[in-house]
Amino acid sequence: MSERTTKQRETEETTDADAKGGDGTPTTVTSGATSTVRALENAGIETMFGVQGGAIMPVYDALWGSDIDHVMMAHEQGAAHAADAYNVVSGRPGVCLATSGPGATNLVTGIADANMDSDAVVALTGQVPQSMVGSDAFQETDTTGITAPITKNNYFASDADTVGDTVGEAVALAGSGRPGPTLVDLPKDVTNNETDRDPGMPQTPETYTPQEEADADAVETAAHTIEAADRPLLLFGGGVVKADASEEARAFATEYEIPVVTTMPGIGTVPEDHDLCLSWAGMHGTGYANMAINHTDLLIAVGTRFDDRLTGGIETFAPDAEVIHVDIDPAEVSKNIHADYPLIGDAGRVLEQLHDALPEAPDADEWREQCQTWKTEYPMGYATPDDEPLKPQFVVEALDEATSDEAIVTSGVGQHQMWASQYWTFREPRTWVSSHGLGTMGYGLPAAIGARLAADDDEEVVCVDGDGSFLMTVQELSVAVREDLDITVAILNNEYIGMVRQWQDAFFEGRHMAAGYSWIPEFDKLAEAFGARGWRVDDYDEVADAIEAALDYDGPSVIDFHIDPAENVYPMVPSGGANDEFALSEDQL
Amino acid sequence: MSGGLEGPPPEERASPDGRRNSQGIRIDPEVEAEPESRRAVLSALVQHEPGVLANVSGLFRRRQFNIESLTVGPTTDGDRARITLEIDEPEPGIEQAKKQLQKLVPVIAVTELEPDAIRRELALIKVDGSAPDQVGAVAEMYDGKTVDVSRESVTVEITGSEQKIDAAVETFGRFGIHEIVRTGTAALERGTRKTT
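Quick caveat, the model's predicted, so the values are computed rather than measured.

## With respect to the confidence of the model for chain A
Inference 1: With 97% of its residues at a pLDDT of at least 70, chain A reaches an overall mean of 96.
Inference 2: In the predicted structure, residues 1-11 of chain A sits below a pLDDT of 50 and forms 7 contacts with residues beyond four places in sequence or in another chain.

Written out as structure tokens, the structure reads:
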């Protein structure tokens, strides 16, 4: 069925009316809309994601002759997530486009997601003409008001002459310092009005001056503290990925032989199979990472905001540790955890500064041994009994096995996300693409689309999804088929909002209120109906073949793995508990 | 329900005795008292553009900083406005409020004013009109003046520190206060010291 669809797509004549131009020359500025597009071209934007609509039509029309590729998404939320993942994988700003009113409000989840994970996403939204703003016009909403708390900065463009500069600033700001989402609201009169004023090259606002290098004396003091530490521990967060500082991070850890834990967004900053790496810490992090956090006497935290899913209860977090906190955002320092040695600056640069200031490695043989002991004491693992259904961890490991070290993994949110991050062995930064801070179910599929367009052709893109998450944004499968994107969606299907079910069993006496699906679509057939390939897998002996077939298929494919609905995620630090209180099974909660 | 991992259970793990307080600072739990809050006056120089005030007040609301007063007005530079904020927070909260405020892109500079900074507030107090002479006498006592008189009411204007206004309001209470409005504190550093 899907082959027929593919062939149909290939043989369909594209009419002139559907053939977007772009002749390698920059857009000529004649209006606010063309100025907007020119600003994006000046900023080096190559791809954007969006959904058409009344108030944004002038901007879309201006894209007609531009070299910028546009991916028409099924829903604006998908556009924002795709732009987000495009940024995570490429490091370049992701741009999404939507109309006013519902178009803008549909973006909100994706913008909030980008804000929590410090992703450089630029949202451009249409707005009713300025003469109608405030009149409750058709498809009017206060977009800058709604998005103020979830953007790094937002703009209401009021003049065709300057709109291009504003758009350029929004792109530049999103990607500089601590990255984050920006938004420009574009009233239709501003985009329609004539102007011939070329926007300049994108520039950050004058008042925005992030500090790149840490104070030299502070570095010196911190370096002495590292040298004197008995139980030093590096904690690498998402900031290390954002700063492209994995190389510096790896060099620092290996040269001074300091054990490393990461946060979830910091996954891939160091290879997870390295001796010094204890994988990621937090609520469902490894036992050994959490033990190390709890027993370190010097936590060297780089690019992390000490989220509650990492720290558990503040009172018991790394209670014996002094904290060196490296971050480019001063507001993150001593926000949740007091920093004894704050070092404000770019992660890579400050790691180099520390390296230059630190002649001797700390004497930490015993501590390293202790960390290795915890690794053997609290192994990650699972059993595969014959009389129980397929285990999700097995599926994740099989996918990891079948793909390269550079494969990119996206996920939704819930149990499947935890299994994917626990049982996939990540070795490179920007290969783990997930919704960490906001915890947005439905992130995985649109993220796979954005990731695919950002990734090199030889990097596989796998979306490990849950049945609940997949259903939230499943419409984006139509985009993957239309754009002929080679992605593999692996649904770990337990016919539950699984993490809720797990919590209901642990904390609500097993009352599964609104957690189970009494009926759920057959995802393999749903995939075929969309024009993708689909498989259903129930048994261990079908796993490898289905994965091979799906990876071989040059287009979007979906494998519906029916897994053990009773399987739970462990370890688990109870909410607000100490990191070393992680439960290994339900009776320990 | 199934699943589970091997390893010593929680009660068999040696756990450190150290503790942090709710601000994430390491403490000795035996001697630590709850941090006391204090009043701080912050002055922020901002871009004079639409939405800045909403952004600043929204920031304080969503991060749950206790805001006591907020005033805003233009400066001699047409592109810039000054916001004066009074907050009541324990020490780490005040630091955090300053940093979060500074992080807003339209905010140019933030400082906390010295305790001896000049602080002034203006109040208009409308009281019952049955004893205008007595009202005038009290107003004079507070260096205020009568700004409106009608058969039913007398309105006086008082300028001064928050404490002085509080005292004046209490005194005028005996005439029967009909309506009152207060501007909140505006503040500048003394002498050559710069505010921001």
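After that view, the rundown keeps rolling.
## Some details on the nonpolar core
Inference 1: Counting residues in each nonpolar core, the largest one holds 203 residues, and the members touching the most others are A:Ala79, A:Cys96 and A:Ala490.
Inference 2: For this core, the element with the most residues is helix H4 (residues 76-90) of chain A, which contributes 8 residues.
Inference 3: When neighbours within four sequence positions are excluded, A:Cys96 is seen to be in contact with A:Met48, A:Phe49, A:Gly50, A:Ala79, A:Ala80, A:Ala83, A:Leu107, A:Val121 and A:Ala123.
Inference 4: Formed by 14 residues, the second largest nonpolar core is a distinct cluster that contains B:Ile125, B:Val135, B:Val138 and B:Ile158.

## As for the sheet that holds strand S5 (residues 80-90) of chain B
Residue and element names in this part refer to chain B.
Inference 1: Pairing is antiparallel in the open sheet, where 4 strands are placed in the order S4-S5-S3-S6. Only two strands of the sheet have a single partner each, and these edge strands are strand S4 (67-74) and strand S6 (107-112). On average, each strand axis in the sheet is inclined to that of its neighbour by 20°, with strand direction left out of account.
Inference 2: Packing of helix H1 (residues 52-62) onto the sheet brings it into contact with strand S3 (37-47), S4 and S5, and relative to S4 it is tilted by some 165°.
Inference 3: Helix H2 (residues 91-103) contacts S3, S5 and S6 of the sheet and is inclined by roughly 155° relative to S5.

## Here we look at the sheet that holds strand S2 (residues 69-72) of chain A
All names here are of chain A.
Inference 1: Read from one edge to the other, the open sheet built from 6 strands follows the order S2-S1-S3-S4-S6-S5, with strand pairing classed as parallel. The open sheet has two free edges, formed respectively by S2 and strand S5 (153-156), since each of these has just one partner strand. Taking each pair of neighbouring strands and ignoring which way they run, the sheet shows an average axis angle of 20°.
Inference 2: Pairing between strand S1 (residues 47-50) and strand S3 (residues 94-98): 3 bridges, direction parallel. Its bridge partner lying in S3, Phe49 is registered against Cys96.
Inference 3: Of the strands in this sheet, strand S4 (121-127), S5 and strand S6 (182-187) touch helix H7 (residues 163-175), which is tilted by about 165° from S6.

## Quick look at the interface of chain B and chain A
Inference 1: Counting from both sides, the interface comprises 34 residues of chain B and, opposite them, 46 residues of chain A.
Inference 2: Secondary-structure elements contributing two or more residues to the side of chain B that touches chain A are strand S1 (19-20), H1 and H2 of chain B.

Conventions adopted
Along every chain, residues carry numbers that run from 1 in the direction the sequence is written. Lettering of chains starts at A and numbering of ligands starts at 1, both following the order in which they are written. It should be noted that, the model being predicted, local features are given only for residues of pLDDT at least 70 and side-chain atom pairs only at 80 or more, the latter also being counted only at that level, while totals for whole chains, interfaces and linings use all residues. Predictor confidence is given residue by residue as pLDDT, running from a minimum of 0 to a maximum of 100. Placing C-beta atoms from the backbone, we regard two residues as in contact once those atoms come within 7 Å. When buried Ala, Val, Leu, Ile, Met, Phe, Trp, Tyr and Cys residues are joined through C-beta atoms within 7 Å, the set is termed a nonpolar core. Working definition of burial: number of other C-beta atoms within 10 Å of the residue's own, with buried at 20 or more, exposed at 12 or fewer, and partly exposed in between, all C-beta atoms being placed from the backbone. Strands here are runs of E lasting at least two residues and helices are runs of H or I lasting at least four, both read from the DSSP assignment and numbered beginning at the N terminus. For two strands to pair, DSSP has to find at least two bridges joining them. To define axes, lines are fitted to C-alpha atoms, for helices over the stretch in contact only, and angles between the resulting N-to-C directions are given on a 0 to 180 degree scale.

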